Amino acid sequence: CAKPGRTYELDAATLPIQIVRKADGTFEVDHCVWNDANVGDDLTNGEPSFVGNKIRKMIFFRNRVVLMSDENIIMSRPGLETFNFWNKTALTFTNSDPIDISVGSDKPAVIYDAIQVNTGLILFTKTQQFMLTTDSDILSPNTAKINTLANYNFNYKTNPISLGTTVGWL
């Protein structure tokens, strides 16, 4: 169980909302149901790094919701738990645990956008590009890594676009 007295829930009022298309063709806008922490304390199952920070972009990658917040990429649990950003157990990491990883750079590296390519996820900062990838078949907290890809400027007010085998941006 979660340690008594610890923060174990996310404030849905400060997080992204969802738009769901109904069978009759109408749309419903509502808050997402964000899962609560079921185990651990602030050390063994800490809050996701987007808590208290601005979420700049949200995408879907490898069956996970991906949030970009400052220099961090935060990925939910995969599958039916796409709004769960807490570990399953406080004792060890499992392949289905959320991924919370930051880019390493000697320059400010606030992540503004990302685009999926065959080898992973290209992350865009104002002055650099990074690749979120894995050497394994399974993307997990133990196998995820971020490598520097290039050092080109990126206009964070625009979106990168896929050009088939290449990616373009301003």
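Criteria and thresholds
- Residue numbers restart at each chain and count upward from 1, following the sequence in its written direction.
- Owing to the predicted nature of the model, reporting of local features is limited to residues with pLDDT of at least 70; listing and counting of side-chain atom pairs is limited to 80 or more, with chain, interface and lining totals taken over all residues.
- In computing side-chain properties, one takes all heavy atoms of the structure into account and sets aside hydrogens as well as water.
- The way it works is that DSSP assigns letters per residue, a run of H or I at least four long becomes a helix, a run of E at least two long becomes a strand, and they are numbered from the N terminus.
- With C-alpha atoms as the basis for the radius of gyration, the globule rule is written as 2.2 Å multiplied by the number of residues raised to the power 0.38.
- In this scheme, a residue with accessible area under 20% of its type's maximum is buried, one over 50% is exposed, and one in between is partly exposed, where area comes from a 1.4 Å probe on protein chains only.
- By definition in these notes, contact holds between two residues if any of their heavy atoms fall within 4.5 Å.
- A 1.4 Å probe and the Shrake-Rupley method give the accessible areas. Residues count as covered only by the protein chains that appear here.
- Charge counting treats Lys and Arg as positive and Asp and Glu as negative, with His and both chain ends excluded.
- The location of each charge is read from NZ of Lys, CZ of Arg, CG of Asp or CD of Glu.
- We define a nonpolar core as any set of buried Ala, Val, Leu, Ile, Met, Phe, Trp, Tyr and Cys residues linked to one another through side-chain atoms lying within 4.5 Å.
- Exposure above 30% relative accessible area and no salt bridge define the residues that can form patches, which grow by joining like charges within 9 Å and nonpolar side chains of Val, Leu, Ile, Met, Phe, Trp and Tyr within 5 Å.
- Here, a salt bridge means any side-chain nitrogen of Lys or Arg that lies within 4 Å of a carboxyl oxygen of Asp or Glu.
- Strand pairing follows a simple DSSP-based rule, namely that at least 2 bridges must link the two strands.
- For every element, the axis is a line fit to its C-alpha atoms; helices are fit only across the contacting stretch, and the angle between N-to-C directions ranges from 0 to 180 degrees.
- The way it works is a 1 Å grid over only the protein atoms, where trapped points that fit a 1.4 Å probe form a cavity and open points with protein on both sides within 12 Å along at least five of seven lines form a pocket, and then any residue with an atom within 4 Å of a point lines it.
- Grid points are joined across faces, edges and corners, and a volume is the space filled by probe spheres set on the points.
- Polar here means any residue outside two lists: the nonpolar Ala, Val, Leu, Ile, Met, Phe, Trp, Tyr, Cys and Pro, and the charged Asp, Glu, Lys and Arg; Gly therefore counts as polar.

**A few points about the overall build of the protein chain**
Here is step 1: Check the secondary structure of the protein chain and you find zero helices and 12 strands.
Here is step 2: Taking 15 Å as the expected radius of gyration for a compact globule of 170 residues, we find that the protein chain reaches 17 Å, a close match to that expectation.
Here is step 3: Expressed along its principal axes, the backbone C-alpha trace of the protein chain runs to roughly 50 × 45 × 30 Å.
Here is step 4: Counting every position in the protein chain, which comprises 170 residues, the buried fraction comes to 39%.
Here is step 5: Here the analysis covers contacts within the protein chain between residues at least 6 apart in sequence; of these, 49% occur between residues at least 24 apart.
Here is step 6: Within the structure as shown, the protein chain displays about 9800 Å² of accessible surface, and the carbon and sulfur contribution to it stands at 51%.
Here is step 7: Considering the protein chain, the positive charge centre built from 15 side chains and the negative charge centre built from 18 side chains are found 6 Å apart.

**Comments concerning the nonpolar core**
Within soluble globular proteins, side chains that are nonpolar generally end up buried alongside one another.
Here is step 1: In terms of nonpolar packing, the biggest core is built from 19 residues, with I73, M75, L121, L123 and L132 touching the most fellow members.
Here is step 2: Sorting the residues of this core by element identifies β3 (57–61), β4 (64–69), β5 (72–75), β6 (99–102), β8 (120–124), β9 (129–134) and β10 (144–150) as the ones contributing at least two each.
Here is step 3: Here L123 is in contact with I73, V103, I111, D113, A114, Q128, Q129, F130, L132 and I146, once residues within four sequence places are set aside.
Here is step 4: Counting 12 residues, the second largest nonpolar core, distinct from the first, contains C32, W34, F83 and W86.

**Considerations on a positive patch on the surface**
Here is step 1: Taken together, the side chains of K54, R56, K126 and K157 make up a positively charged region of the molecular surface.
Here is step 2: Tracing the backbone shows K157 in the loop between β10 and β11 (161–162).
Here is step 3: Given the relative accessible area of 69%, K157 is considered exposed.

**Things to note about the sheet that holds β10**
Here is step 1: Ordered by their spatial adjacency, four strands build an open sheet running β7-β8-β9-β10, and the pairing between neighbours is antiparallel. The open sheet terminates on both sides in strands that have one partner only, identified here as β7 (113–117) and β10. Direction aside, neighbouring strands of the sheet carry axes that sit 25° apart on average.
Here is step 2: Taken together, the five bridges between β7 and β8 define a ladder with antiparallel strand orientation. Along β8, the bridge assignment pairs Q116 with L121.

**A look at the environment of N118**
Here is step 1: Within the secondary structure, N118 sits in the loop between β7 and β8.
Here is step 2: Judged by its relative accessible area of 83%, N118 is exposed.
Here is step 3: It is 33 Å that separates the C-alpha atoms of N118 and L91, two residues lying 27 residues apart in sequence.

**A few points about the layout of surface pockets**
Here is step 1: Looking at the largest pocket, its volume works out to about 280 Å³.
Here is step 2: The dominant element in the lining of the largest pocket, judged by the number of residues it contributes, is β6, at three residues.
Here is step 3: Grouping the amino acids of the lining of the largest pocket by side-chain chemistry returns nine nonpolar, four polar and two charged.
Here is step 4: Of the voids in this model, the second largest pocket is the one considered here, and its volume is about 150 Å³.
Here is step 5: Along its surface, the second largest pocket is lined by I115, Q116, V117, N118, S162, G164, T165, T166 and V167.
Here is step 6: With three residues, β7 is the largest single contributor of residues to the lining of the second largest pocket.

Function cannot be read off these values alone, since they describe shape.
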